[in-house]
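Single-letter residue listing:
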Amino acid sequence: MLKKLLPLVEHALKKPVWDCRMCGQCVLHSTGMTCPMTCPKTLRNGPCGGVRENGNCEVKPEMQCIWVKAYDRTVSLPLPKVWKEHYNELRPPVDMQLQGTSSWINLVTKRDQQVPAGWSVGEH
Amino acid sequence: MSILREKLENTSERVFTAEFPSIDGGGMDSVIKNAARLAPWFDAVNATDNPAAHAHTSNTTTAIAMKMHDLEPIMQIVCRDKNRIAIQADMIGASLHGITNLSLLTGDDVTAGDEPEARRVFDVDSAQAINMARIMATGTYLSGRKINPAPDFYIGAVENAAAPPFDYRIQRALKKHRAGAQFLQLQICYHPDRLEAFCKGVAEVAPDLKLIPTIVLMKGAKGLAFMNDKVPGIDVPADVLARASGASDPAQEVYNLTLELAQHALSLPGVRGLHVTDFRHDETLDLFMNDLGRTPKRQG
Ligand code: SF4
């Protein structure tokens, strides 16, 4: 029941504020409370090379690049220091199996921290 | 070991790379013609992956064809058209043919091409793709499945030194380095001050990351204006545009400007060579390389 209900509640709350796409593995805290899934290329690790001189998106010239926004906010918002430090961490590929599930449940169960077995081989 | 890797890792020699022209029709003859033109000047040349979101002969097939004709490829893989399975298949497939230089990049959006209605993939991003190449070079796929023996990749990436958020670009380059990139081909940059700040910043923290800025040979002032207006991420300062268009011989002025940019780039910390994109396809390339003090390699 909770598994069905929570995604609805989460989406209802996060959609209006962050345009949440329900990837199920929320990283908002490390991206200046800016959702990387709203990047047209769904990049999780920072801006592409096409950001325009005015800071707007290569794909949607009328929209500010979400990674420019994320950077500005990470620098300027009074966020916890560790959140700011996470800005440049290497985020793993999105787990498509989590699409549409509640990131809150996945956080509590640590399901959102599961990565493919090879991902962390060696050092980053 | 690839020539590129050998030169960058074991010598202090400068390295010159280029972009292989896109191949459509024309068969192997067009590969042979282009390979013969580029081979005297370049150590390795990029086999592109549907550049600007236009379909052409694929990255792997182009790279194999180049190798068959004695031109060392750097195989590009962009994240736009393939998911993580296909990208790993590209990489291991390249290694089957002895192609080990890779360059992993995000890629232009589908809307930059002639099929804007296509589905975007972007299943992984460039930093993740770089990490996948690094993982594979240690002997496993992303899933953890073993590859024995491990492919011997020399991993490259691309960065724009001069696009917003300016303060972050150095960090992003370092992230790619941490993920596994050993060399970075930098996008063309018409702001020498920004390029300088970027290279200094990277070299300070990661002196072993090899930087290869891009230089574009173009026909004249119109080309510069086009880049400024039409290529997202590339800004040409107004004084540069004015200098080019106001000159009595704009084509010569653009050439002078390009040479100045090249010499400046080569003087920067961390910079090990240049990546040359040739939009002229004439004798300017030979002139340019001569002016940089290069002598052509003898063929045969
Ligand atoms: S410019 Fe920014 S928002 Fe647009 S595709 Fe690139 S990274 Fe994403």
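These remarks concern the structure in this document. (Residues numbered from 1 in each chain as written. Chains lettered and ligands numbered in written order. Predicted model: local features only at pLDDT ≥ 70, side-chain atom pairs only at ≥ 80, totals over all residues. Heavy atoms only, no water.)

**Brief notes about a nonpolar patch on the surface**
All names here are of chain A. A cluster of nonpolar side chains, Leu 5, Leu 8, Val 9, Leu 13 and Trp 104, forms an exposed patch at the surface whose accessible area comes to about 460 Å². Per-element tally for the nonpolar patch: the top contributor is helix 1 (residues 2-18), with four residues. Along the polypeptide, Leu 8 turns up in helix 1. (Patch = residues over 30% accessible without salt bridge, like charges linked within 9 Å, V, L, I, M, F, W, Y side chains within 5 Å. Areas by Shrake-Rupley, 256 points an atom, 1.4 Å probe, with all protein chains shown as cover. Salt bridge = Lys/Arg side-chain N within 4 Å of Asp/Glu carboxyl O. Helix = DSSP H or I, 4+ residues; strand = E, 2+ residues; numbered from the N terminus.)

**Some details on helix 10 (residues 250-266) of chain B**
Helix length check: helix 10 of chain B, at 17 residues, gives a terminal C-alpha distance of 24 Å against a target of 24 Å (1.5 Å per residue), a fit within 8%. Listed in full, the buried residues belonging to helix 10 of chain B are Glu 253, Val 254, Tyr 255, Leu 257, Thr 258, Leu 259, Leu 261, Ala 262, Ala 265 and Leu 266 of chain B. (Expected span 1.5 Å × (residues − 1). Buried < 20%, exposed > 50% of the residue type's maximum accessible area, 1.4 Å probe, protein only.)

**Here's the deal with the pattern of salt bridges**
Counted by the stated rule, this structure contains 21 salt bridges over all chains. Its salt-bridge partner being Glu 89 of chain A, residue Arg 91 of chain A comes within 3.9 Å of it at the nearest N-O pair. Taking the relative accessible area as the measure of exposure, Glu 89 of chain A reaches 29% and is therefore partly exposed. We note a salt bridge from Lys 210 of chain B to Glu 9 of chain B, for which the minimum N-O separation is 3.2 Å. Within this pair, whereas Lys 210 of chain B is found in strand 7 (residues 210-217), its partner Glu 9 of chain B is found in helix 1 (residues 3-10), the two being separated by 201 residues in sequence.

**Brief notes about the interface of chain B and chain A**
At the junction of the two partners, chain B supplies 42 residues and chain A supplies 37 residues. Across the chain B/chain A interface, buried area totals approximately 3100 Å², and carbon plus sulfur atoms make up 54% of it. For chain B, the biggest contributors to the area lost against chain A are Gln 128, Tyr 168 and Lys 175 of chain B; these three give 17% of the whole. Across the contact surface, chain B and chain A share one salt bridge. As a salt-bridge pair, Glu 53 of chain A and Arg 194 of chain B come within 2.7 Å of each other at their nearest N and O atoms. One can count 22 residue pairs in polar contact (both at pLDDT 80 or more) joining chain B with chain A. (Contact = heavy atoms within 4.5 Å. Buried area = accessible area lost by both parts, 1.4 Å probe. Polar contact = N/O pair within 3.5 Å; in protein donor to acceptor, adjacent residues only side chain to side chain.)

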